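Summary of the model geometry
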Amino acid sequence: MLSPNGIKAILFDLDGTLRHNQPQGEEVFFNYALSLDLPVNEDDHLRGVRWEHYYWASSPELNADLTIYSEDNFWVNYARRQLIAYGIEPKQAEQLAPSFSQHMSEDYKPFSVARPETHAVLSQLKEAGFKLGVVSNREHSFEEDLKHIGIESYFEFSLAAGEVQSYKPARGIFEAALRCVDVSAHEAMYVGDNYFADVVGARGAGLQPVLYDPSRIYPDADCPVIVSLDGLLEFFEK
């Protein structure tokens with residue numbers, strides 16, 4: 001039996017938390033680097049993933065790149081930035097970036113899934129009386145993605161940042177989500193895999209953050225951490 005412990009609503013990030021690409025883009029990128037015999041290792045890979053999370057958390061670099069580059073050039077520049085995050089020298093990263101961008105465009109064909117435990121956890125949380133929602137930095141509504149992985153029925157609402165023109169970690173998107181479930185910030189928990197967007201953003205808006213980190217990307221995280229969604233249930237067990 002679950003006990004709410006003052007929490008009335010549990011809100012989730014979408015991509016990387018509820019919805020997972022198979023294979024993951026960062027793995028394909030890293031394996032391509034290995035195939036070219038670049039001097040990278042698993043530590044470089046994790047550093048690259050942390051950079052990727054930082055970049056997509058409405059970073060100044062992302063906002064600048066979106067105004068500077070066309071779509072094709074954006075992804076070439078993104079590959080350059082990713083390689084530099086791996087520790088590749090900037091000049092070599094610039095030379096290699098077009099081939100990495102082409103590889104990801106032509107050879108990366110993922111499919112999306114929900115992990116096996118997701119349905120059971122969401123079902124238990126909903127049956128226990130929690131209000132559940134999904135909050136993403138997507139530009140547009142993502143109801144079809146929830147339906148595609150079979151989890152849309154668990155949620156009272158879904159909210160894309162583009163719908164309210166506020167992107168995590170900004171307070172506005174969290175405040176809009178709280179209005180959707182009519183709870184105060186201290187009565188809500190936010191679960192996400194991106195420390196910079198999800199933990200920093202939720203904490204700044206007054207929600208209780210929980211970092212979902214199955215790959216242990218953030219070993220020194222200063223917040224509650226779970227490595228499987230099952231871990232959420234432990235917060236509410238008597």
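Shown above is the structure to which this text applies.
Read on for a plain summary of the structure. Here the structure is a predicted model, which means the values were calculated and not measured.

Glancing now at the pairing of strand β4 (residues 131-136). Counting buried residues in β4 gives five out of six residues, a clear majority hidden from the surface. Summarising the sheet, β4 and strand β5 (residues 157-160) pair through four bridges and their orientation is parallel. Paired with V135 across the two strands is L159, which belongs to β5. Where the polypeptide runs from β4 across helix α7 (residues 143-148) and back to β5, its parallel neighbour, the crossover connection is right-handed.

The next point concerns the nonpolar core. The nonpolar side chains of a soluble globular protein tend to be buried with one another. In this structure, I10, F12 and L125 are the most contacted members of the largest nonpolar core, which totals 28 residues. Only β1 (9-12), α6 (118-127), β4, β6 (188-192) and β7 (208-212) provide two or more residues apiece to this core. At three residues, the largest contribution of residues to this core is made by α6. Among the nonpolar cores identified, the runner-up in size contains 19 residues, and V135, I173, V183 and A188 belong to it.

This part covers unusual backbone geometry. Cis peptide bonds are those with omega within 30 degrees of zero, and the linkage from Q22 to P23 qualifies with -5 degrees. You can see P23 is positioned in the loop between β2 (20-22) and α1 (25-35). Along the chain, K168 connects to P169 via a cis peptide bond; the corresponding omega equals 15 degrees. Counting through the fold element by element, P169 comes out in the loop between α8 (161-164) and α9 (171-181). Residue D37 is not a glycine yet carries a positive backbone phi of 60 degrees. Inspection of the secondary structure puts D37 in the loop between α1 and α2 (42-56). A positive phi angle, close to 55 degrees, is found at R216, a residue other than glycine. In this fold, R216 is placed in the loop between β7 and β8 (225-226). A relative accessible area of 52% means that R216 is categorised as exposed.

Below, the discussion takes up α2. Under the 1.5 Å per step criterion, the end-to-end length of α2 is 21 Å for 15 residues, consistent within 8% with the ideal 21 Å. Listing the buried residues of α2 in full gives D44, H45, L46, G48, V49, W51, E52, H53 and Y55. Structurally, the start of α2 carries an N-cap: the backbone nitrogen of D43 is 3.0 Å from a side-chain oxygen of N41. With its phi angle positive at about 50 degrees, S58 sits one or two positions after the end of α2.

Turning to the packing of α1 against α2, a few remarks are in order. α2 packs onto α1 with a crossing angle of 135 degrees between their chain directions and a minimal axis gap of 11 Å. When the axis of α1 is compared with that of α2, the two are oblique. Here α1 runs over α2; the crossing is right-handed. The segment α1 lies against α2, with E26, E27 and F30 engaging E42, H45, V49 and E52. Residue composition of the contact of α1 with α2, grouped by class: two nonpolar, one polar and four charged.

The rules behind each value
Residues numbered from 1 in each chain as written. Predicted model: local features only at pLDDT ≥ 70, side-chain atom pairs only at ≥ 80, totals over all residues. Heavy atoms only, no water. Buried < 20%, exposed > 50% of the residue type's maximum accessible area, 1.4 Å probe, protein only. Helix = DSSP H or I, 4+ residues; strand = E, 2+ residues; numbered from the N terminus. Pairing = 2+ DSSP bridges. Right-handed = clockwise from strand over helix to strand, strands pointing away. Core = buried A, V, L, I, M, F, W, Y, C linked by side-chain atoms within 4.5 Å. Expected span 1.5 Å × (residues − 1). Polar contact = N/O pair within 3.5 Å; in protein donor to acceptor, adjacent residues only side chain to side chain. Axes fitted to C-alpha atoms, helices over the stretch in contact; angles between N-to-C directions. Parallel < 35°, antiparallel > 145°, perpendicular 65-115°, else oblique. Left-handed = near helix turned anticlockwise from the far one by under 90°. Contact = heavy atoms within 4.5 Å. Nonpolar A, V, L, I, M, F, W, Y, C, P; charged D, E, K, R; others polar.

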